[in-house]
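# Architecture and fold: a report
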Amino acid sequence: MKKILIALALCAISSSSMAQWSFGVKAGINSSTVSNPLENVIDAHHRWGMLIGGMASYQLNRDFDLQGELFYAKRGFKTDIYVDLSEEAKPKDWYFDLHYIDMPIMLKYHPLGSIVYAEVGPQVGYLIDSKNEIKDYDEDTNIDDNTNKLDFGVVGGIGVDVTQHLSVGARYCLGLT
């Protein structure tokens, strides 16, 4: 009888602890740029990219969740460059594509257990590839040697749990490196 009670207690503990975990897929779009990109670049413009990956969330209590994520993100920026230095020269679009694996750890706050949440946390990213391309110019180059491999940042955001299995949110990531 004692063994049955212990087994039932363990089942109850494990089922209640499993109810606190949730797993999911994360996908979205992002807009990125850089500050002080290169010595001769004056103005860097935003570049659209996408992200896709997974997440695991642990409910700490009614108001707080701890969420870890791992996803691929395409970032970058666009600027103008003069390839031809003649007087008739027109600037060409110069595109920089940066491909990262990002891992944010977010603390999510649901005020009074509501469907609305705010989140904040650190993020580390690892650069897996980088390229630049000048539009209508034949050379593409890899710029890995001139780019930080590790990217550390602080992330903040807000969102809404639309259903139990779908959330919509917006975030801002301030890169520190």
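Every chain is numbered on its own, with residues counted from 1 as its sequence reads. Given that the model is predicted, a residue must reach a pLDDT of at least 70 before its local features are reported, and side-chain atom pairs must reach 80 or more before they are shown or counted; all residues, however, enter totals for whole chains, interfaces and linings. In computing side-chain properties, one takes all heavy atoms of the structure into account and sets aside hydrogens as well as water.

### What to know about the pairing of strand β8 (residues 166-175)
On a regular strand, each side chain points to the face opposite its neighbour's, so the side chains alternate between the two faces of the sheet. Only when DSSP finds a minimum of two bridges between them are two strands counted as paired. Labels follow the DSSP assignment, with helices taken as runs of H or I lasting at least four residues and strands as runs of E lasting at least two, numbered in each case from the N terminus. As paired elements, strand β7 (residues 150-163) and β8 share 10 bridges and run antiparallel to each other. Paired with Gly-153 across the strands is Gly-175, a residue of β8. Between β7 and the antiparallel strand that follows it, β8, lie two residues.

### Observations concerning the environment of Gln-164
In this fold, Gln-164 is placed in the loop between β7 and β8. Note on Gln-164: relative accessible area 75%, which makes it exposed. Between the alpha carbons of Gln-164 and Ile-115 there is a distance of 9.3 Å; along the sequence they are 49 residues apart. Burial classes follow relative accessibility: with a 1.4 Å probe on protein chains only, a residue under 20% of its type's maximum area counts as buried, one over 50% as exposed, and anything between as partly exposed.

### Notes on the pairing of strand β5 (residues 116-134)
The pairing of strand β4 (residues 92-109) with β5 spans 14 bridges and is antiparallel. Within β5, the residue paired with Leu-98 across the bridge is Ser-130. Hairpin connection from β4 to β5: six residues lie between these consecutive antiparallel strands, with Leu-112 at a positive phi of about 55 degrees. In terms of strand pairing, β5 meets β7 through 11 bridges, oriented antiparallel.

### Thoughts on the environment of Lys-131
Its location among the elements puts Lys-131 in strand β5. By relative accessible area, which is 35% here, Lys-131 ends up partly exposed. Along the sequence, Lys-131 and Gly-76 sit 55 residues apart, while their C-alpha atoms lie 9.3 Å from each other.

Fair warning: the whole summary comes from geometry, so function is off the table for now.
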